[in-house]
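Structural overview
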Amino acid sequence: MQISQEFDFFVIGGGSGGLAAAKQAASYGAKVGLADFVKPSPQGTKWGLGGTCVNVGCIPKKLMHFAAMAGELRKDQIEAGWIDTDIQGKHDWNRMTENVQNHIKKLNFSYKNQLNKKEVKYYNKLAELEKSNIVKLIDKDGGIEFIKSKYILIAVGGRPSYPENIPEIEKKVITSDDLFWLPNNPGKTLIVGASYVALECGGFLNGLGYDTTIMVRSILLRGFDQEIAGKIEDYMMENGIKFIKEAIPINIELTENNKRLVTWTQKGIQHSDIFDTVIIATGRKSDTNKLNLEQIGVKTNKNGKIICTIDDRTSIMNIYAIGDCVEGRPELTPTAIKCGQLLANRLFGGQKKMMCYQFVPTTIFTPLEYGCIGYSEEEAINKFTQNEIIIYHSIFKPLEWNLLESHYAQACMIKLIVLVSTRRVIGLHYLGPNAGEIVQGYAIAMKLGATKEQFDSTIGIHPTCSEEILTLTAIKGIDNPQKEGC
Amino acid sequence: MQGHILTIKTENDWKQLVLQNQKPVIVDFYADWCGPCKVLKPKLHNLHEQSQGKWELAVVNVDIEELQKISSQYASKGIPAVYLFHKGEKVSDFLGNNEAKAKEMATKAASL
């Protein structure tokens, strides 16, 4: 076996975590290599450098969510006085996807340049562990080379998983891997799943004008605050999205004209309907099964996620892992990035700081957006008991919604979960427009241990939705969350 | 009449057609997904047609795998990135869809 190159740090996976770790390590003068290779989806979709977030996740999702919202704003435009706004105007899927994909390709290019500038050697090859310090690299034509590295970082992320009860399902459905790259609009769509992926995709498809149905096995947004999840569902239903609850698909067949005949059971009864497109969004699995981990001794859990210590070390001393492929980590870009940078700081920069996963803010970009930091109501009651927490709540209506009568007055909500003993705000939940932008700033306050009194003593900006977070007085269980009068 | 445009596909093309070219060469680094590149392209073509053969126009598609080293050297700040080379040396360059700078470069190229 001939070793073609030796590195100090070799990263497998060029996504959010891998790229950040590689660049940071290189900035300390380490000799760094990175291998990124996208295995095509079962439908044949593939993409460039940058990982899930850039190519088939956060970026195209947010752009398409924006596109859908831009369309929904047309009704408000009319009430705001604009003449000739056509609310019946159709959406051009190809124009949107061309613009989205051009942006993604720009990002692929920019990442390649960044690696080059930082002198990180980039391999567009599929990597496998050959030994604990040797990586086998396979190019698209099957050509093989071996590299050696002092440290290896596994940052391979995940891919969508498929239900196992339907034969040859991969040929008949698409996933988020394919949706953003579809050459034609998806038409009448069924989305199977209850995760934020399912709801975000269903949300924007409906907003763009496609007949959208979401099929859910049990609860929506498991792990998130369920009161808010219920209101997200209400809002989506008000906007025309159909939910089929407590149902699972049992068969999918291709029809003569290439549509999908889906059969499902709901409360013991079978139903069926025809859709143009079926999107599976029932979960993601770690992309570790072809890395040869078992042979090398890198331990994973039964779902393929790598088991790591708090300092990102695997069961093999010089092999580390970060991001979505690691057990117990949030599946978020910013945490993968930060974790990768801190790891590089520890390995090459002589620093000691570990990643902190407390009070990580996040936002779901459903048609009505939901931003949250800290404990959900269920998590707080579970950890602290009902007596030790107070929940402040408010249902509010954004000022701008008052131009158009049809806006749902009870849609938006804020909840603050406060610990009785310290008055510390341990959970913040905002359901309303611009959730991501609004919630971001509060994460600093919560990290610093801000109390309800400190929130209340901060002056709000008027007129905004955000100021509602600083003026909560209604207590859940005692007061109505809705203000009376103006 | 369309002047002959040099399409750079390999590192060898770069050496022979750009660096070793007897005439001045204006090189356009572009990509198919780049909007401003599409707008600048016909402007460069026009200037080339008007040049009466005083300089050559070469184009480099930055997505070509083989040209990665060259693309990252010259196009790392963004595209369209346009360079004027003469006798293997870079004379001038500009970034973006800038018609005024393109005209300036064409004039300079014609005078070399």
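Residue numbering note: each chain is counted from 1, following its sequence as written. Note on labels: chains are lettered from A, ligands numbered from 1, in written order. Residue-level local features of this predicted model are given only where pLDDT is at least 70; pairs of side-chain atoms are given and counted only at 80 or more, and the full residue set underlies all totals for whole chains, interfaces and linings. Water and hydrogen atoms were dropped before computing side-chain values, which therefore reflect all heavy atoms in the structure.

The name given to chain B in an unreviewed UniProt entry is Thioredoxin, and the organism recorded there is Paramecium primaurelia. UniProt positions are given in the numbering used here, feature names are shortened, and annotations may be inferred rather than shown by experiment. A UniProt comment under Sequence similarities (unreviewed entry) is attached to chain B, and it reads "Belongs to the thioredoxin family."

As annotated in an unreviewed UniProt entry, chain A is Thioredoxin reductase from Paramecium primaurelia. Per UniProt, the comment on chain A under Sequence similarities (unreviewed entry) is "Belongs to the class-I pyridine nucleotide-disulfide oxidoreductase family." As its UniProt record puts it under Cofactor (unreviewed entry), chain A is described as follows: "FAD".

Helix numbers and strand numbers start at the N terminus; a helix is a DSSP run of H or I with at least 4 residues, a strand a run of E with at least 2. If you tally the helices and strands in chain B, you get four helices and five strands. N-terminal to C-terminal, the α/β element order of chain B is β-α-β-α-β-α-β-β-α. Radius of gyration: C-alpha atoms only; globule rule: 2.2 Å multiplied by the number of residues to the exponent 0.38. In terms of overall dimensions, chain B is globule-like: its C-alpha atoms have a radius of gyration of 13 Å, near the 13 Å expected for 112 residues. Judged by the C-alpha coordinates and their principal axes, chain B covers about 35 × 30 × 25 Å. Counting the 112 residues in chain B, one finds 49% classified as buried. In this analysis, two residues are considered to be in contact whenever any of their non-hydrogen atoms come within 4.5 Å of each other. Sequence-distant contacts in chain B: of pairs separated by 6 or more residues, those separated by 24 or more amount to 68%. Note on areas: these come from Shrake-Rupley sampling with a 1.4 Å probe, and a residue is covered only by the protein chains present in the view. Accessible surface computed for chain B: about 5,900 Å², of which carbon and sulfur atoms make up 49%. None of His or the chain ends enter the tally, which takes Lys and Arg as positive and Asp and Glu as negative. A charge is said to be at NZ when it belongs to Lys, at CZ for Arg, at CG for Asp and at CD for Glu. In chain B, which carries 14 positive and 13 negative side-chain charges, the distance between the mean positions of the two groups comes to 6 Å. Here's how the labels work: a residue is buried when its accessible area is under 20% of the maximum for its type, exposed when over 50%, partly exposed in between, all with a 1.4 Å probe on protein chains only.

Contacts between chain B and chain A engage eight residues on the former and eight residues on the latter. Buried area, as used here, totals the accessible surface that two parts lose on assembly, with accessibility defined by a 1.4 Å probe and the loss added over both. When chain B packs against chain A, close to 860 Å² is buried across both sides, 57% of that on carbon and sulfur atoms. Of all residues in chain B, Trp33, Ser72 and Ser76 of chain B give up the largest surface area on contact with chain A, accounting jointly for 62% of the area buried on that side. Within this document, salt bridges are pairs made up of a side-chain nitrogen of Lys or Arg and a carboxyl oxygen of Asp or Glu, the two lying within 4 Å of each other. The tally of links from chain B across to chain A stands at one salt bridge. Close ionic contact of glutamate 65 of chain B with lysine 112 of chain A constitutes a salt bridge, the shortest N to O distance being 4.0 Å.

Residues and elements named next belong to chain B. What counts as a disulfide here is a pair of cysteine sulfur atoms lying within 2.5 Å. Scanning all chains against the criterion turns up one disulfide over all chains. Each disulfide pairs two cysteine sulfurs, and for cysteine 34 the partner residue is cysteine 37, the sulfurs being separated by 2.4 Å. Judged by the sign of its S-S torsion, about 80°, the cystine formed by cysteine 34 and cysteine 37 is right-handed. Cysteine 34 gets classed as buried once you look at its relative accessible area, which sits at 4%.

Attention shifts here to the pairing of strand S11 (residues 247–254) of chain A. Each regular strand carries side chains that alternate between the two faces of the sheet. All names here are of chain A. Paired strands, as defined in this entry, are two strands with at least two bridges between them according to DSSP. Sheet topology places S11 next to strand S12 (residues 260–266); seven bridges connect them, and they run antiparallel. Pairing of proline 249 across the sheet is with tryptophan 264, part of S12. The loop that links S11 with its antiparallel partner S12 comprises five residues; one of these, asparagine 258, has a positive phi angle of about 60°.

Glancing now at the nonpolar core. All names here are of chain A. Ranked by internal contacts, the top residues of the largest apolar core, which has 71 residues, are Trp93, Leu179, Phe204, Leu428, Tyr430, Phe455 and Ile469. It is helix H12 (residues 435–447) that provides the largest number of residues to this core, a total of six residues. Setting aside anything within four residues of it in sequence, one finds phenylalanine 455 in contact with Leu416, Val425, Leu428, Tyr442, Ala445, Met446, Ala450, Ile469 and Leu470. The definition of a nonpolar core used throughout is a set of buried Ala, Val, Leu, Ile, Met, Phe, Trp, Tyr and Cys residues joined through side-chain atoms within 4.5 Å.

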